[in-house]
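Close look at the chain arrangement
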Amino acid sequence: QVDLVETGGGLVQPGGSLRLSCTASGGTFSGYAIGWFRQAPGKEREFVAATRWTGGNTYSADSVKGRFSVSKDRANSAVYLQMNSLKPEDTAVYYCAVGRPITSTMATASAYYYWGRGTQVTVSA
């Protein structure tokens, strides 16, 4: 069992930035891929970005390419989602998740085993 905690959400103006953090307790990220997903009110959960704990590949949705990036902090056993140039449509609850998806399923929520409780990101003037 891996317990995940997301932090760093909040209210930000359009064009602003936030950095979300995902940390694990009761386990480690070793051997897993770590994904970020989001869910806006009335919408389905959607993939945002992902990375493997081992290896340098990262994956991101077209809607956030060039604005969001995912990175790893091995010293602190954390994974970050850096979000820049935020737009109102980025407003959602953001979740981190871990699993062992193959490359073709990195964006598939069902490929991830453990999920955090989420952190709210609100982009509004």
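A few points on the structure.

The rules behind these values
- Residues numbered from 1 in each chain as written.
- Predicted model: local features only at pLDDT ≥ 70, side-chain atom pairs only at ≥ 80, totals over all residues.
- Heavy atoms only, no water.
- Helix = DSSP H or I, 4+ residues; strand = E, 2+ residues; numbered from the N terminus.
- Buried < 20%, exposed > 50% of the residue type's maximum accessible area, 1.4 Å probe, protein only.
- Phe/Tyr/Trp six-rings, centres within 6.5 Å; stacked < 30°, edge-to-face > 60°.
- Lys NZ or Arg CZ within 6 Å of the ring centre and 35° of its normal.
- Polar contact = N/O pair within 3.5 Å; in protein donor to acceptor, adjacent residues only side chain to side chain.
- Contact = heavy atoms within 4.5 Å.
- Core = buried A, V, L, I, M, F, W, Y, C linked by side-chain atoms within 4.5 Å.
- Pairing = 2+ DSSP bridges.
- Axes fitted to C-alpha atoms, helices over the stretch in contact; angles between N-to-C directions.

Before going further, it helps to examine unusual backbone geometry. A positive phi angle is found at serine 77, which is not glycine, with a value near 50 degrees. Relative to the helices and strands, serine 77 is located in the loop between β7 (68–73) and β8 (78–83). Looking at serine 77, the relative accessible area reads 39%, which means it is partly exposed. Here the phi dihedral of serine 85 falls at roughly 50 degrees; this positive angle occurs in a residue that is not glycine. In this fold, serine 85 is placed in the loop between β8 and β9 (92–99). Residue classification places serine 85 among the partly exposed residues on the basis of a relative accessible area of 40%.

Within the structure shown, the criterion is met by nine aromatic pairs. Judged by centre distance (5.6 Å) and plane angle (70 degrees), the ring pair of phenylalanine 37 and phenylalanine 47 falls under edge-to-face. Of this pair, phenylalanine 37 sits in strand β4 (residues 33–39) while phenylalanine 47 sits in strand β5 (residues 46–52), and the two are ten residues apart along the sequence. The interplanar angle of 75 degrees and the centroid separation of 5.2 Å between the aromatic rings of phenylalanine 37 and tyrosine 112 together place this pair among those described as edge-to-face. One end of the pair, phenylalanine 37, is in strand β4; the other, tyrosine 112, is in strand β10 (residues 112–115), and 75 residues separate them in sequence. Overall, the relative accessible area of 1% leaves phenylalanine 37 in the buried class. Judged by relative accessible area, which is 4%, tyrosine 112 ranks as buried. Through a chain of ring-to-ring contacts, the aromatic side chains of Phe37, Phe47, Tyr95, Tyr112 and Trp115 assemble into a single cluster. We note arginine 19 situated over the ring of tyrosine 80; from NZ or CZ to the ring centre the distance is 3.9 Å. Lying across the ring of tyrosine 32, arginine 100 places its NZ or CZ 4.3 Å from the centre.

Here we come to the side chain of arginine 38. Residue placement: arginine 38 occurs in strand β4. According to the relative accessible area criterion, arginine 38 is buried, its value standing at 6%. At 2.9 Å, the side chain of arginine 38 and the side chain of aspartate 90 are in polar contact. There is a polar contact of 2.9 Å between the side chain of arginine 38 and the side chain of tyrosine 94. Contacts of arginine 38, omitting those with residues within four sequence positions, involve Glu44, Arg45, Glu46, Val48, Ser63, Val64, Phe68, Glu89, Asp90, Ala92, Val93 and Tyr94.

Turning to the nonpolar core, a few remarks are in order. Counting residues in hydrophobic clusters, the biggest one holds 37 residues, and the most contacted among them are Phe29, Trp36, Val48, Phe68, Leu81, Met83 and Tyr94. Among the elements of the structure, β3 (18–25), β4, β5, β7, β8, β9 and β11 (119–123) are those that each provide at least two residues to this core. The leading source of residues in this core is β9, at five residues. Residues within four places of phenylalanine 29 in sequence aside, it is in contact with Leu4, Cys22, Thr23, Ala24, Ile34, Trp53, Ser77, Ala78, Val79 and Val98.

This brings us to the sheet that holds β7. Read from one edge to the other, the open sheet built from four strands follows the order β1-β3-β8-β7, with strand pairing classed as antiparallel. Either end of the sheet is taken by a strand with one partner, and the two such strands are β1 (3–7) and β7. Ignoring strand direction, the axes of neighbouring strands in this sheet form an average angle of 20 degrees. Where β7 lies against β8, six bridges are found, and the strand directions are antiparallel.

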